[in-house]
Amino acid sequence: AKAQAFAVCLPQENTVRKLGLLYEGDWKHIKRLAGILYNTARMHPNEIAILEKAADLDQNWEQGRISAILTVEDGREIQGDLRMIHRYYRLGVRILTLTWNNENCFGFPNSTDPEINGKGLTEFGKEGVHYMNRIGMIVDVSHLSDGGFWDVAAISRESHKPFIASHSNCRALCAHPRNLTDEMIREIGETGGVI
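Residues numbered from 1 in each chain as written. Predicted model: local features only at pLDDT ≥ 70, side-chain atom pairs only at ≥ 80, totals over all residues. Heavy atoms only, no water.

Helix and strand counts for the protein chain stand at 8 helices and 5 strands. When the helices and strands of the protein chain are read in sequence order from the N terminus, they spell out β-α-α-β-α-β-α-β-α-α-β-α-α. A compact globule built from 195 residues would reach a C-alpha radius of gyration of about 16 Å, and the protein chain, at 17 Å, matches this within 12%. The principal-axis extents of the C-alpha atoms in the protein chain amount to approximately 50 × 45 × 35 Å. Burial status across the protein chain gives 45% buried among its 195 residues. (Helix = DSSP H or I, 4+ residues; strand = E, 2+ residues; numbered from the N terminus. Rg over C-alpha atoms; globule rule 2.2 N^0.38 Å. Buried < 20%, exposed > 50% of the residue type's maximum accessible area, 1.4 Å probe, protein only.)

It is worth spelling out the pattern of salt bridges at this point. Tallying each qualifying case throughout the model produces 9 salt bridges. Across the pair Arg-83 and Asp-81 runs a salt bridge whose closest N-O atoms are separated by 3.0 Å. On the basis of relative accessible area, Arg-83 is assigned to the exposed category, the value being 65%. Given a relative accessible area of 22%, Asp-81 falls into the partly exposed group. A salt bridge links Asp-146 to Arg-171; the nearest nitrogen and oxygen atoms lie 2.8 Å apart. Taken together, the residues Asp-146 in helix H7 (residues 146-159) and Arg-171 in the loop between H7 and helix H8 (182-190) connect sequence positions 25 residues apart. When its relative accessible area of 17% is taken as the criterion, Asp-146 is described as buried. What makes Arg-171 buried here is its relative accessible area of 19%. Within the structure, one salt-bridge network assembled from shared partners comprises Arg-157, Glu-187 and Glu-190. (Salt bridge = Lys/Arg side-chain N within 4 Å of Asp/Glu carboxyl O.)

We now examine the packing of aromatic side chains. Applying the stated criterion across every chain yields a total of 4 aromatic pairs. Looking at Arg-94, its charged tip hangs above the ring of Tyr-89, at a distance of 3.7 Å from the centre. (Phe/Tyr/Trp six-rings, centres within 6.5 Å; stacked < 30°, edge-to-face > 60°. Lys NZ or Arg CZ within 6 Å of the ring centre and 35° of its normal.)

Within the secondary structure layout, Ala-165 lies in the loop between H7 and H8. In this structure Ala-165 comes out as buried when scored by relative accessible area, which is 0%. Separated by 23 residues in the primary sequence, Ala-165 and Ile-188 place their C-alpha atoms 8.1 Å from one another. Among residues more than four places away in sequence, those in contact with Ala-165 are Asp-140, Val-141, Ser-142, Leu-180, Ile-188, Val-194 and Ile-195. (Contact = heavy atoms within 4.5 Å.)

What follows is about the pairing of strand S3 (residues 66-73). Across the 8 residues of S3, 7 count as buried, placing the element largely inside the fold. Remark: the strand S2 (residues 48-50)/helix H3 (residues 55-62)/S3 crossover connection has right-handed handedness. Looking at chain direction, S3 and strand S4 (residues 93-97) are connected through 4 bridges and run parallel. Bridge pairing in S4 links Glu-73 to Thr-97. Taken together, S3, helix H4 (residues 82-91) and S4 constitute a β-α-β crossover, and its handedness is right-handed. (Right-handed = clockwise from strand over helix to strand, strands pointing away. Pairing = 2+ DSSP bridges.)

Here Ser-168 is to be found in the loop between H7 and H8. On the basis of relative accessibility, which here comes to 5%, the residue Ser-168 falls in the buried class. Separated by 49 residues in sequence, Ser-168 and Lys-119 place their C-alpha atoms 19 Å apart. Within the local environment of Ser-168, its side chain forms a polar contact with the side chain of Ser-142, the two groups lying 2.9 Å apart. Side-chain polar atoms of Ser-168 contact the backbone oxygen of Arg-178, separated by 3.2 Å. (Polar contact = N/O pair within 3.5 Å; in protein donor to acceptor, adjacent residues only side chain to side chain.)

Encoded structure:
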């Protein structure tokens, strides 16, 4: 493989408390895990390189290195502030999964409740997706509601930017709400994205 995504997952507070762990907040957690990835790349410069822009992919591959893509799963820490998206980008995050299992500033998670699953992006969510498309951060719709998916699709078509579903499967084969309908799968492909 030319590239590998390294996802920073944000823990649920109740899980952290149950395990009796010290948690210093999402931003410190993201920086700490990004630091581990960057240190690993520095220790193994002939095998792995951090992907910062699309052109790095082929260049790294030609040099025999796998491109490491830093991703964050769950945009909750953005808290409705475009400057936070830029802060993520400066840190090296190139893919952001907008939601996880809870509502946040971007929108709503996938759900077995049709009312929740039909809800789209928030106003900030739409602004945030436009901004991510502008700066070159890939939008990941895994865990996003169906309504949010179609909002991302519309913005991505308008911006001529691809989007992805990094860990979703086919709903026709497994009826989990995180999985994608055939229509969604075609939409991602038509924008140049991947699943």
